[in-house]
Amino acid sequence: MTFDEVIGQEEAKQRLMMMVSEERVPHAMMLCGPAGCGKLALAVAMGCHLLRTSAGGNATTANTEAMLKNLAHPDLHFTYPTVKLPGMGSEHQPVSDDFAREWHDLLTRSPYFSLDQWLNAMGATTQQAIITGAESDELSRKLSLKSSQGGYKVSIIWLPERMNATSANKLLKLLEEPPQQTVFIMVSEEPEKLLETIRSRTQRIDIKKIDTQAMEQTLVEQRGIDADAAHRIARAANGNYLKALDELDAGNENHLFFDLFVMLMRLAYKRDIHELKKWSENAAAMGREKQKRMLTYFLRLIRENFIYNFGNGELNYMTQEEEDFARNFARFVNEANVMGISDLLQLCLRDIGQNANAKIVFFDLALKMIVLLIQK
């Protein structure tokens, strides 16, 4: 993989390449930033860039280039959260190598994917994905070996905040006494969850959201989207390429959430208690994580509909479908009720997160929405 394959992030690319050209690559760095900004893509591109040049600065061979293109270089090591599947022995601690094929398949398709997508690739159900102590032992063993090409050894650790205590302490020892010519590249979304001693031994690089124009160009050139649709999708994604990819998927859950939002608002406006009860039961039937995502989506649409009333399209981040609905609905979200609706949705989000009875939470939401929508 090369830096050219990373969407946008020109400033970060230049900074990373300059580290290499000026020979001031830190032994451990941590790329931090929001979901969908391309942190993992940058980490992989940086790892490949380091391995393309030996310690002496010689150009790589065709064989090395082929290995890097396939992300199969023996000096490029990946660590990532794993789960314990039912078929694994009772004493077995999962390690990255247990899911090496699944990881390679997902990563080579695209370095832009979410934890949920990775969990699905592993075949996880309700398990919590973590990086185990055994993984740190395995990584230490790999990095103790001599570099196959006589240059760098690169260890990319995806979501290090998911290390358990044993793994974190073992990694700390590796960072304190790193193997020769080894570079650790961590990719984190929640660095505050890491041990302070680990954070202090890495050079933090904050990655910004992807520039809208760069995302638009990628959607047009790589996904075959027309310019207007690409512009809308990129703006609605707000720097998160994963959201843009979700929007391209006609079956993604945002379409379901949009339909549920429209139904809730229409039934509340009509004061149809019987149908609102059915709506609340349907919403309650979803899993709690999905319910929380739905409520977060509702909060975004309330904000967008309120802003729509100002008549400045540059302030709105909606899909065509959402904007079509806003033309008639936005006037019902105004100064008199926008805070009340937002507070109500935030309260529901909190209650669902605390395992409150979902049927009661959503029926209460539906009934209170009737009162809030008639406020002017």
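Residues numbered from 1 in each chain as written. Predicted model: local features only at pLDDT ≥ 70, side-chain atom pairs only at ≥ 80, totals over all residues. Heavy atoms only, no water.

(A) Structural detail: the overall build of the protein. Counting its secondary structure elements, the protein contains 17 helices and five strands. For the protein, the C-alpha atoms occupy an extent of roughly 75 × 50 × 35 Å along the three principal directions. Split into buried and exposed, the 376 residues of the protein put 49% on the buried side. Expressed as a percentage of contacts within the protein between residues at least 6 apart in sequence, the contacts between residues at least 24 apart total 74%. Just so you have it, the protein exposes about 18600 Å², and 49% of that area is on carbon and sulfur atoms. (Helix = DSSP H or I, 4+ residues; strand = E, 2+ residues; numbered from the N terminus. Buried < 20%, exposed > 50% of the residue type's maximum accessible area, 1.4 Å probe, protein only. Contact = heavy atoms within 4.5 Å. Areas by Shrake-Rupley, 256 points an atom, 1.4 Å probe, with all protein chains shown as cover.)

(B) Summary view of empty space enclosed by the protein. Applying the stated criterion to the full structure yields one cavity of 30 Å³ or more. Looking at the largest cavity, its volume works out to about 50 Å³. In terms of lining residues, the largest cavity is bounded by E247, N254, H255, F258, Y297, T319, E321 and E322. Mapped onto the lining of the largest cavity, the elements with two or more residues apiece are helix 12 (253-270) and helix 15 (320-329). The greatest single-element share of the lining of the largest cavity, amounting to three residues, is contributed by helix 12. Of the residues belonging to the lining of the largest cavity, the class tally is two nonpolar, three polar and three charged. (1 Å grid on protein atoms, 1.4 Å probe; cavity = no way out; pocket = protein on both sides within 12 Å on 5 of 7 lines; lining within 4 Å. Points joined across faces, edges and corners; volume = space filled by probe spheres on them. Nonpolar A, V, L, I, M, F, W, Y, C, P; charged D, E, K, R; others polar.)

(C) Geometry of the sheet that holds strand 1 (residues 28-32). Taken in spatial order, the five strands line up as 2-3-4-1-5 in an open sheet, and their pairing is parallel. Pairing within the sheet leaves two strands with one partner each, and these edge strands are strand 2 (76-79) and strand 5 (203-206). Averaged over all neighbouring strand pairs, the angle between strand axes comes to 20°, with direction disregarded. On top of the sheet, helix 6 (residues 133-144) reaches strand 2, strand 3 (153-158) and strand 4 (182-188); it is set at about 175° to strand 2, its chief contact. (Pairing = 2+ DSSP bridges. Axes fitted to C-alpha atoms, helices over the stretch in contact; angles between N-to-C directions.)

(D) Main features of the pattern of salt bridges. What the rule picks out here adds up to 25 salt bridges. Salt-bridge contacts for E189 lead to K39; the nearest nitrogen and oxygen are separated by 3.5 Å. You can see E189 sitting in the loop between strand 4 and helix 8 (196-199) and its partner K39 sitting in helix 2 (residues 39-52), a full 150 residues away along the chain. A salt bridge links R199 to E196, with the shortest nitrogen-to-oxygen separation between them at 2.4 Å. Here the residue R199 and the residue E196 both occupy positions in helix 8, the gap between them amounting to three residues, near one helical turn. Judged by relative accessible area, E196 falls into the partly exposed class, the value being 48%. Among the charged side chains, a network of salt bridges with common partners joins D228, R232, E323, D324 and R327. (Salt bridge = Lys/Arg side-chain N within 4 Å of Asp/Glu carboxyl O.)

(E) Region of the structure containing the layout of surface pockets. A volume near 300 Å³ is recorded for the second largest pocket. L115, D116, L119, N120, A124, T125, T126, Q127, Q128, A129 and R162 are the residues that line the second largest pocket. Of the residues contributing to the lining of the second largest pocket, the split by class is four nonpolar, five polar and two charged.

(F) Representation of the environment of D351 in the model. Mapped onto the fold, D351 is located in helix 16 (residues 338-353). In sequence terms D351 and C37 are 314 residues apart; their C-alpha atoms lie 30 Å from each other. In contact with D351, other than residues within four places in its own chain, are A356 and V361.

(G) Up close: the side chain of S147. Of note, S147 is situated in the loop between helix 6 and strand 3. Polar side-chain contacts of S147 include one of 3.2 Å to the backbone nitrogen of G151. Excluding anything up to four places from it in sequence, S147 contacts D75, Y152 and K153. (Polar contact = N/O pair within 3.5 Å; in protein donor to acceptor, adjacent residues only side chain to side chain.)

(H) Geometry of the nonpolar core. Among the nonpolar cores identified, the biggest contains 62 residues, and W118, I156 and W158 are the most heavily contacted of them. Examining the composition of this core, we find that 10 residues originate from one element, helix 2, more than from any other. Membership of the second largest hydrophobic core comes to 43 residues, among which are I307, A358, V361 and I370. (Core = buried A, V, L, I, M, F, W, Y, C linked by side-chain atoms within 4.5 Å.)

(I) Geometry of the state of the cysteines. This structure, assessed with the given rule, holds zero disulfides. Sulfur of C32: no disulfide; nearest cysteine sulfur belongs to C37 and is 9.5 Å away. (Disulfide = S-S within 2.5 Å.)

(J) Quick peek at the packing of helix 1 (residues 10-21) against helix 2. Running from N to C, helix 1 and helix 2 cross one another at 25°; their axes reach a closest spacing of 11 Å. The angle between helix 1 and helix 2 places the two elements in the roughly parallel class. Pair helix 1 / helix 2 crosses with right-handed handedness. Residues A12, K13, L16, M17 and V20 of helix 1 form the contact with helix 2, whose participating residues are L42, M46, H49 and L50. Taken together, the residues of the contact of helix 1 with helix 2 break down into seven nonpolar, one polar and one charged. (Parallel < 35°, antiparallel > 145°, perpendicular 65-115°, else oblique. Left-handed = near helix turned anticlockwise from the far one by under 90°.)

(K) Up close: the pairing of strand 4. Across the seven residues that make up strand 4, a large majority, seven, are buried. Both faces of strand 4 are covered, namely the face carrying T182, F184, M186 and S188 and the face carrying V183, I185 and V187. With five bridges joining them, strand 1 and strand 4 adopt parallel strand pairing. Looking at strand 4, one finds that M30 is bridged to M186. Where strand 3 lies against strand 4, six bridges are found, and the strand directions are parallel. Within strand 4, the residue paired with I156 across the bridge is I185. Once the chain exits strand 3 it traverses helix 7 (residues 165-176) before rejoining the sheet at strand 4, and the crossover so formed is right-handed. (Right-handed = clockwise from strand over helix to strand, strands pointing away.)

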